Amino acid sequence: MIVTIPAPLLDIDHLRTPQLDLPAWRILPGQCWAVLGRNGSGKQHLSALLQGKGEITRGTLRHGFARITVLSFERQQAFYEQQLRDDDSDFSEAPDAGKTVRELLGLDNGMLPEALRFLGLEPLLERGYRLLSSGEARKALLAQAILDKPDLLILDEPFDSLDRNMRAQLATFLERLSQHTCLLFLLNTQEDLFPWHTHVAVLEKGQLVAQGTRDILQQPELRALLAFDAASLPSWPAPLRQEIPPDPLLQLVKGKVSYGDSVIFQNVDLTLNKGDHTLITGRNGAGKSTLLGLITGDHPQCYGNELYLFGVRRGRGETIWELKRHFGMVTPALHRDHRVPGAAVDIVASGFFDSIGLYQSPSSDQVQHARHWLALVGLKDKATVPFKQLSYGEQRLVLIARALVKQPPLLILDEPTQGLDDVNRHRVLYFLEHLATQKTSTIIMASHRQDEFLPLFTQHLDMGH
């Protein structure tokens, strides 16, 4: 009997690079693969390899893809930085908000194809890229990647930073797309696997340790690899210094943000006293990040609102440094703007000085404290690695350690677990639960994930479905 075996779309034969060690691996027509791996496991190196980047020291890689397109947080960051380099504000009367979404998608005067309308980008077509929320920017770049009509579309965490409804709609769309386009998913979490993912591979420390149908994930050794154990963490450190600002920590009266005739939100009242841990929810574009930007002072309309921080109304002569010493934060904007050089331990230590970059010499106690927090987030061995050389998820862990290093009276978190694997996401949620028991910090957090609606949150601000 003659059996016809379909030619592989991708054929890897015992391939080695300085970062990866891959056994025989094939992707056949009709298969939809997801590569699971923890932060720093090598998924970004795999993506680069498939794009023809990197040095192959042994083995072979063959594929027939003429056009390969990638959607990733790294690409999102690179595009943002390119927009900054192209900023022509010095030569125009108005601030440069970057390419409009229409220009990004190459639509001229047309509209999005019907198949992509679910992304809800029509109201954003004339908005500059730099004014988009993290979720909106993610959707815009996803639309751009799909309109590129690639032979291989590499989707690195495509569901992260999307609200629940958008996530479901995107999954339905990608299932249909997978029937005629080769999709390769790079995922941190099994929760982003769907029934139409026919095969999975598991990457750990640069090695493809398992591959096959989804049944392999039931293997005890793989379940242990992807599980979080709080007992393995170092001890919780006492804060080096503790300041107690007055109540209320925060008060916003009838908050409003608008761009011209477009109102992002209005009539938002919010008061936080010590211990009023608060969760903010809402669809992509509802204004969650914008609201937190008002609080941190990163949004210019904070001065046009009746906003009080630690008993002081914004715009009454206070310096941002007087306010920042009382809070720590992790936001997509902070991550996006962290383009300064420095090793991981320096970035964590900068949390003592509330600066992006380290421009003062920390004390020996502060350095030791920073190293302790790196150990808590699982990056003890990466202390001297430059921040920009870490994976996106590892960078996010460094910024979390930076926010927690002084255990601030007000901790401001905008999608803090974005880009984190299951182990590290549960690690961060454990930190929040433990921090709440210490009664030193009050937490305000924006999140899409239902499993992050922790019991510690005694207030809930819903900014729209």
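Here, every reference points to the structure presented above.
Values in this document were obtained by computation on a predicted structure and should not be read as measured data.

A.B. asks: I'd like a description of the pairing of strand 17 (residues 410-414), backed by residues and values.
C.D. replies: Counting buried positions along strand 17 yields five of five residues, so the element is predominantly enclosed. Side chains Leu410, Ile412 and Asp414 of strand 17 all project onto a buried face; the interleaved residues Leu411 and Leu413 project onto the opposite face, where all are buried too. Once the chain exits strand 17 it traverses helix 13 (residues 422-438) before rejoining the sheet at strand 18 (residues 442-446), and the crossover so formed is right-handed.

A.B. asks: I'd like a description of the sheet that holds strand 15 (residues 312-313), backed by residues and values.
C.D. replies: Pairing between the strands of a sheet is mediated by backbone hydrogen bonds and can be parallel or antiparallel. Sheet architecture is open: four strands sit in the order 12-11-14-15, paired in antiparallel fashion. A strand with exactly one partner marks an edge of an open sheet, and here the two such strands are strand 12 (262-272) and strand 15. For strand 14 (residues 306-309) and strand 15, the ladder comprises two bridges, and the chain directions are antiparallel. Residue pairing across strands places Tyr308 opposite Arg313, the latter belonging to strand 15.

A.B. asks: Got a sec to walk through the layout of surface pockets? Specific residues and values, please.
C.D. replies: By volume, the second largest pocket amounts to about 790 Å³. Taken together, 36 residues make up the lining of the second largest pocket; nearest its centre are Gln44, His45, Glu74, Leu390 and Ser391. If you tally residues by element for the lining of the second largest pocket, the top one is helix 2 (residues 73-85), at six residues. The residue inventory of the lining of the second largest pocket, partitioned by class, reads nine nonpolar, 17 polar and ten charged.

A.B. asks: How would you summarise empty space enclosed by the protein if you had to cite specific residues and measurements?
C.D. replies: Counted according to the given criterion, the structure contains four cavities of 30 Å³ or more. Here the largest cavity is characterised by a volume of approximately 130 Å³. Forming the walls of the largest cavity are Lys324, Phe327, Gly328, Met329, Leu334, Gly351, Asp354, Ile356, Arg402, Ala403 and Lys406. Listed by contribution, the elements that provide at least two residues to the lining of the largest cavity are strand 16 (327-330) and helix 12 (392-404). Of all the elements, strand 16 adds the most residues to the lining of the largest cavity, at three residues. In the lining of the largest cavity, the residues fall into five nonpolar, two polar and four charged. Considered as a void within the structure, the second largest cavity measures approximately 80 Å³ in volume. Taken together, 13 residues line the second largest cavity, and the ones lying closest to its centre are Gln44, Asn188, Tyr392, Gly393 and Gly419.

A.B. asks: Mind laying out helix 4 (residues 134-147), listing which residues take part and the relevant values?
C.D. replies: In this model helix 4 runs 20 Å from its N-terminal to its C-terminal C-alpha over 14 residues, within 8% of the 20 Å that 1.5 Å per residue would give. Listed as buried for helix 4 are Ser134, Gly135, Glu136, Ala137, Arg138, Lys139, Ala140, Leu141, Leu142, Ala143, Ala145 and Ile146. Buried residues in helix 4 make contact with strand 6 (68-71), helix 2, helix 3 (101-105), strand 7 (152-156), helix 5 (164-177) and helix 9 (332-336). One or two positions beyond helix 4, positive phi appears at Lys149, with a value near 50 degrees.

A.B. asks: Give a description of the packing of helix 2 against helix 4 that names residues and reports values.
C.D. replies: As a packed pair, helix 2 and helix 4 sit with axes 11 Å apart at the nearest point and diverge in direction by 100 degrees. On the basis of the axis angle, helix 2 is roughly perpendicular to helix 4. For the pair formed by helix 2 and helix 4, the contact residues are Phe73, Arg75, Gln76 and Phe79 on the first element and Ser134, Ala137, Arg138, Leu141 and Gln144 on the second. Residue composition of the contact of helix 2 with helix 4, grouped by class: four nonpolar, three polar and two charged.

A.B. asks: An account of helix 12 is requested, with residue identities and associated values reported.
C.D. replies: Over its 13 residues, helix 12 runs 19 Å from end to end, which matches the ideal 18 Å to within 8%, given 1.5 Å per residue. Extensive coverage of helix 12 is indicated by the burial of 13 of its 13 residues.

A.B. asks: Before we move on, could you go through the packing of helix 12 against helix 13 and cite the residues and values that matter?
C.D. replies: One can describe the packing of helix 12 onto helix 13 by two numbers: an axis separation of 12 Å at closest approach and a directional angle of 10 degrees. Between helix 12 and helix 13, the angle is such that the two are roughly parallel. Contact residues: helix 12 offers Leu397, Ile400 and Leu404, while helix 13 offers Asn424, Val428, Phe431 and Leu435.

A.B. asks: Can you tell me about the nonpolar core, naming the residues and giving the values?
C.D. replies: In this structure, Leu174 and Phe185 are the most contacted members of the largest nonpolar core, which totals 50 residues. Per-element tally for this core: the top contributor is helix 4, with seven residues. Beyond its immediate chain neighbours, meaning those up to four positions away, Leu174 contacts Leu155, Phe159, Leu183, Phe185 and Trp196. Within the second largest apolar cluster, 42 residues are counted, among which are Val348, Leu379, Phe387 and Leu413.

A.B. asks: Now, about the sheet that holds strand 16: what can you tell me, with residues and values included?
C.D. replies: Taken in spatial order, the five strands line up as 16-17-18-13-19 in an open sheet, and their pairing is parallel. Here the strands that pair on one side only, and so sit at the sheet edges, are strand 16 and strand 19 (459-462). If you compare each strand with its neighbour and ignore which way they point, the axes differ by 10 degrees on average. The sheet contacts of helix 12 involve strand 16 and strand 17, and relative to strand 16 the element is tilted by about 170 degrees.

Reading the values: the criteria
- Residues numbered from 1 in each chain as written.
- Predicted model: local features only at pLDDT ≥ 70, side-chain atom pairs only at ≥ 80, totals over all residues.
- Heavy atoms only, no water.
- Buried < 20%, exposed > 50% of the residue type's maximum accessible area, 1.4 Å probe, protein only.
- Helix = DSSP H or I, 4+ residues; strand = E, 2+ residues; numbered from the N terminus.
- Right-handed = clockwise from strand over helix to strand, strands pointing away.
- Pairing = 2+ DSSP bridges.
- 1 Å grid on protein atoms, 1.4 Å probe; cavity = no way out; pocket = protein on both sides within 12 Å on 5 of 7 lines; lining within 4 Å.
- Points joined across faces, edges and corners; volume = space filled by probe spheres on them.
- Nonpolar A, V, L, I, M, F, W, Y, C, P; charged D, E, K, R; others polar.
- Expected span 1.5 Å × (residues − 1).
- Contact = heavy atoms within 4.5 Å.
- Axes fitted to C-alpha atoms, helices over the stretch in contact; angles between N-to-C directions.
- Parallel < 35°, antiparallel > 145°, perpendicular 65-115°, else oblique.
- Core = buried A, V, L, I, M, F, W, Y, C linked by side-chain atoms within 4.5 Å.

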